Protein chains: 2
Amino acid sequence: MKLNKTMMTDLYEITMAQTYFDDKAFDKIVYFDGFFRVLPLESGYAIMSGVDNIIDYIQNINFDNDDIEYLRSTNKFTEDFLDYLSKFKFNGDVWIVPDGTVVFGNEILITVRASLIEAQIIETTILSYLNSCIKYTTAARRLVEASNGKPIMEFGARRADGPEAAVLASKCAFIAGCVGTSNVMAGKIYDIPVMGTMAHSMISAEDEEYDAFMKYAKSFPDDANFLIDTYDTIKSGIVNSIKVTKDFLIPNGYRLKSVRIDSGDLSYLSKQVRKILDEEGMEDTKIVLSNSIDPYTLTSLLVQNAKFDSVGAGDNIVAPKARVGVVYKLVAIEENQEIVPRIKISNEALKIVNPGYKKLYRFYDKETGYALGDVMALHDEVIPSEEFTLIDPLNEFNTTTITNYTFKELQVPLFINGKLVYEDPDIREKQKYCNSQMASMYPEVKRLEYPHKYYVDQTQRLIDLKKDLILEHKKQFEG
Amino acid sequence: MKLNKTMMTDLYEITMAQTYFDDKAFDKIVYFDGFFRVLPLESGYAIMSGVDNIIDYIQNINFDNDDIEYLRSTNKFTEDFLDYLSKFKFNGDVWIVPDGTVVFGNEILITVRASLIEAQIIETTILSYLNSCIKYTTAARRLVEASNGKPIMEFGARRADGPEAAVLASKCAFIAGCVGTSNVMAGKIYDIPVMGTMAHSMISAEDEEYDAFMKYAKSFPDDANFLIDTYDTIKSGIVNSIKVTKDFLIPNGYRLKSVRIDSGDLSYLSKQVRKILDEEGMEDTKIVLSNSIDPYTLTSLLVQNAKFDSVGAGDNIVAPKARVGVVYKLVAIEENQEIVPRIKISNEALKIVNPGYKKLYRFYDKETGYALGDVMALHDEVIPSEEFTLIDPLNEFNTTTITNYTFKELQVPLFINGKLVYEDPDIREKQKYCNSQMASMYPEVKRLEYPHKYYVDQTQRLIDLKKDLILEHKKQFEG
């Protein structure tokens, strides 16, 4: 999966770079924030991921001879600049929120401090990783939350946006708490448990469903999982499953591990199948459900007391009908050793960028450990340890004063002067971290429908800075 | 982009293969159809694509030593079988609908005839290419149709499901009729025109918007495109654009090529900007609009007589909130040199597979050239040339008898005995073909909202075969 992704950048990143090059702006240091504005899937939370991809991408940036030749062929760039590009490396600083962290709208997921050219060229690929990985991880976690402890297996490869996206999705699903994937390449690359049952085609390829089950049982006697809905779950699938169990598995000292139901009314069928299996003394045979299961279906199944042990989920992890619109905005520049905040104005209040080099903090109740809210502050603000007032940036009258709290900065340093300074945890550690992150959230934030809106507040200084900058620009146009 | 994608397969494809291997079913020849059931995006049509990816994938299938080692480590497979896998190649036949073809629900986009093992192992990656490429191409074409001839540029890389998906999307958008992409890697790989303007950050990095425009103009005097909405489109952006044009471009013999508006009310602002530009004698400066433009917004803009020359579209091409659920179903097996149809039953009528080795035909009105409807027939049916009755498979009373028609088979042979037999057209040819395909569709099918449902009918023989197979299975359970 090591592909040179240097050229995966928008043309304007390179034309702007040519301009900065012509302007000799190599030492112009800027700050960019990456954030999304609105939570996807009407979710109360999102889960950060993509850090490993960003590390890999930045470490391997390199315009090779072929790339330079191609850029030359566009007749847009000077030879001096192409020569500069051929030696291009990222030498800046990156702070990032670690994989598995619960995150919210407008939070600075990534902050880049670098020369204007360097900060700009890495934009496109970083955004595509964040937009996809956060989408997958969030969608998967919502299934994990809805399943009330029943394992979720990710079976989505075929519905992904191509093979590489499938591998990304499998990785993200595991971080989010899925127990494994059907995707063999993801299993190999990330050492995620691979799992699966059988396809309908295996049954329709045989004259009799019984034969298909028997052949599978003979090849995998200790891992026999039958798909029972090809013809008729109750009249055929479960009948043949029991026959093969009695004819072959039990006489040879094995048990039927599971049956999977992939169509029909999963609540009704699962209860029927459970009853039949139990009557046959097959209480240990598990029931797996699949068929475009989303968190809402899953909740309904549990409410109706459907009998199942695990879920195979595909399109609702790898192809949720959702977008995470992470954007990357310039928020400050350095001038004469000073950090000067910058802003992008918009008629839509929500789209005005939060200016300045900032830090993101999460506050926890010292007693319960629950997260109370997040606050963005300017980088040099000192957070008091006894009492603190969080201010809603969209309604300054909406304040919350807290005491008896702890707090934690959410970003960690990833690159300093182009050097990786972060030890990216193992994928299993990320999964554990995600679980602990979710455990620190109030249940109200995690509610599937109409969740509580978690506080993403700001300090008075940041709010004032933003207002000042807006007024300054307003004055400028109006004379 | 040549990545070995052999391992991008669901585990069950390989466990089933182990079973077939144990069963010595190497010579069991089967037929699989790939099709989607429902058109995405409430569209009246979809556009086929992904053929080049499937060619590349199948030609490069190879489980390398690393892959075999990984599979061995799962303790699921026998050494004999792993040895077989290490020599695995695809030796079967594939028929496919060419890229750029207009396609509809239930149509056989791909048919695979191969040994059971081979047909099964290629399923996952083929589906992920079809599901993603058809989604992108269809979404892009809907924008192209809505734009009434105004060029659409694809700017979506940052919103794609990772860098490789971004490249797929750019390719698909071009096939669908977009004029170019911002994605430099796609430009390089597919020789698609690359285009772009500038980012807001370029303006906010400077003290004055004027300075940013001036610097860009100096670097790209013959390709000056200014983004004018960073502070205020009317009060600042267009004012500074005109200043730089007069201060630098015109005195040096250049013109301002375009301005881009990326926020605010695009209809109102574009009309104002057009008026101001025209008053300044800058009638030749084009207006580019962007900001999550979808076919509906685009239609509204045209209805309101917004003044623009082209559109940059991103998320509505690379991340449409839509899925194309292409599935891959076994429809026949060969037994004693005979093709025996197979079926997968479901309680949901729509989900019952159309059995048998089939062909897909499109009928055209001989006078107008418009497509009249498509018909699936069993492979050995002869299509009469004088009069033909199309039958709606969901309502047999709904028939249409046509005369004075021509017809065409939609699938072409792609692989025969594992050998590529198709010359995949150049991407520009595919774009032209897509345009001609769309031109052959009645406007009612292409309508953005509540389109006419195009006929995807079947022959009486196919309908009867399906009924017979369903009854046969029904009898089996009830007898």
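Residues numbered from 1 in each chain as written. Chains lettered and ligands numbered in written order. Predicted model: local features only at pLDDT ≥ 70, side-chain atom pairs only at ≥ 80, totals over all residues. Heavy atoms only, no water.

## Here's the deal with the overall build of chain A
In step 1: The number of helices and strands found in chain A is 17 helices and 21 strands.
In step 2: Dimensions of chain A, computed from the C-alpha atoms along their principal axes, are close to 85 × 60 × 40 Å.
In step 3: For chain A, restricting intrachain contacts to residue pairs at least 6 apart in sequence, the fraction spanning at least 24 positions comes to 73%.
In step 4: Summed over its atoms, the accessible surface of chain A is roughly 17,800 Å², and 48% of this surface lies on carbon and sulfur atoms. (Helix = DSSP H or I, 4+ residues; strand = E, 2+ residues; numbered from the N terminus. Contact = heavy atoms within 4.5 Å. Areas by Shrake-Rupley, 256 points an atom, 1.4 Å probe, with all protein chains shown as cover.)

## So, the interface of chain B and chain A
In step 1: With 115 residues of chain B at the interface, the matching set in chain A holds 115 residues.
In step 2: For the chain B and chain A pair, buried surface summed over both sides reaches about 9,200 Å², with 55% attributable to carbon and sulfur atoms.
In step 3: It is Arg158, Asp161 and Arg323 of chain B that lose the most area in chain B upon contact with chain A, and together they represent 10% of the buried surface on that side.
In step 4: Two residues, Arg342 of chain A and Asp207 of chain B, come together in a salt bridge whose shortest N-O distance is 2.4 Å.
In step 5: The residue makeup of the side of chain B that touches chain A, split by class, is 47 nonpolar, 32 polar and 36 charged. (Buried area = accessible area lost by both parts, 1.4 Å probe. Salt bridge = Lys/Arg side-chain N within 4 Å of Asp/Glu carboxyl O. Nonpolar A, V, L, I, M, F, W, Y, C, P; charged D, E, K, R; others polar.)

## With respect to the pairing of strand 10 (residues 286-289) of chain B
All names here are of chain B.
In step 1: Of the pairings in the sheet, the one linking strand 9 (residues 258-261) to strand 10 comprises four bridges and is parallel in character. Each residue of the ladder has a partner; that of Val259, found in strand 10, is Ile287.
In step 2: A crossover links strand 9 with its parallel partner strand 10, the connecting element being helix 12 (residues 266-279), and its sense is right-handed.
In step 3: Relative to strand 11 (residues 310-313), strand 10 is paired through two bridges, and the arrangement is parallel. Note that in strand 11 the partner of Leu289 across the bridge is Val311.
In step 4: Since strand 10 and strand 11 lie parallel, the crossover through helix 13 (residues 295-303) that links them has a hand, and here it is right-handed. (Pairing = 2+ DSSP bridges. Right-handed = clockwise from strand over helix to strand, strands pointing away.)

## Quick look at the side chain of Gln431 of chain B
Residue and element names in this part refer to chain B.
In step 1: Note that Gln431 resides in helix 15 (residues 427-439).
In step 2: What makes Gln431 buried here is its relative accessible area of 17%.
In step 3: The contact partners of Gln431, leaving out residues within four places of it in the chain, are Phe174, Ile175, Gly177 and Cys178. (Buried < 20%, exposed > 50% of the residue type's maximum accessible area, 1.4 Å probe, protein only.)

## Quick look at the sheet that holds strand 11 (residues 310-313) of chain A
Residues and elements named next belong to chain A.
In step 1: Spatially, 7-6-11-10-9-8 is the arrangement adopted by the six strands of the open sheet, whose pairing is parallel. In this open sheet, the two edge strands, each paired with only one partner strand, are strand 7 (180-181) and strand 8 (225-227).
In step 2: The pairing of strand 6 (residues 152-154) with strand 7 spans two bridges and is parallel. Bridge pairing in strand 7 places Glu154 opposite Thr181.

## Quick look at the pattern of salt bridges
Two side chains bearing opposite charge may form a pair once their charged atoms approach each other closely.
Residue and element names in this part refer to chain A.
In step 1: According to the stated counting rule, one finds 74 salt bridges over all chains in the structure shown.
In step 2: Here Arg113 ties to Glu334 by a salt bridge, and the two come within 2.8 Å at their closest N and O atoms. In this pair, Arg113 is assigned in strand 5 (residues 110-115) and Glu334 in strand 12 (residues 327-335), connecting sequence segments 221 residues apart.
In step 3: Of the residues examined, Glu334 reaches a relative accessible area of 23% and is grouped as partly exposed.

## Regarding the packing of aromatic side chains
In step 1: Applying the stated rule across the entire model yields 41 aromatic pairs over all chains.
In step 2: Between Tyr361 of chain B and Phe407 of chain B, the aromatic rings sit 5.8 Å apart at their centres with planes inclined by 80°, giving edge-to-face as the arrangement. Residue Tyr361 of chain B is located in strand 14 (residues 358-365), and its partner Phe407 of chain B is located in strand 18 (residues 405-409); the two are separated by 46 residues in the primary sequence.
In step 3: Owing to a relative accessible area of 32%, Phe407 of chain B belongs among the partly exposed residues under this scheme.
In step 4: One aromatic cluster is present, built from ring pairs that chain together Phe21, Phe26, Phe63, Phe77, Phe81, Tyr84 and Phe88 of chain A.
In step 5: Taking NZ or CZ as reference, Lys150 of chain A lies 5.1 Å from the ring centre of Phe308 of chain A, over its face. (Phe/Tyr/Trp six-rings, centres within 6.5 Å; stacked < 30°, edge-to-face > 60°. Lys NZ or Arg CZ within 6 Å of the ring centre and 35° of its normal.)

Coordinates in, geometry out; function isn't part of it.
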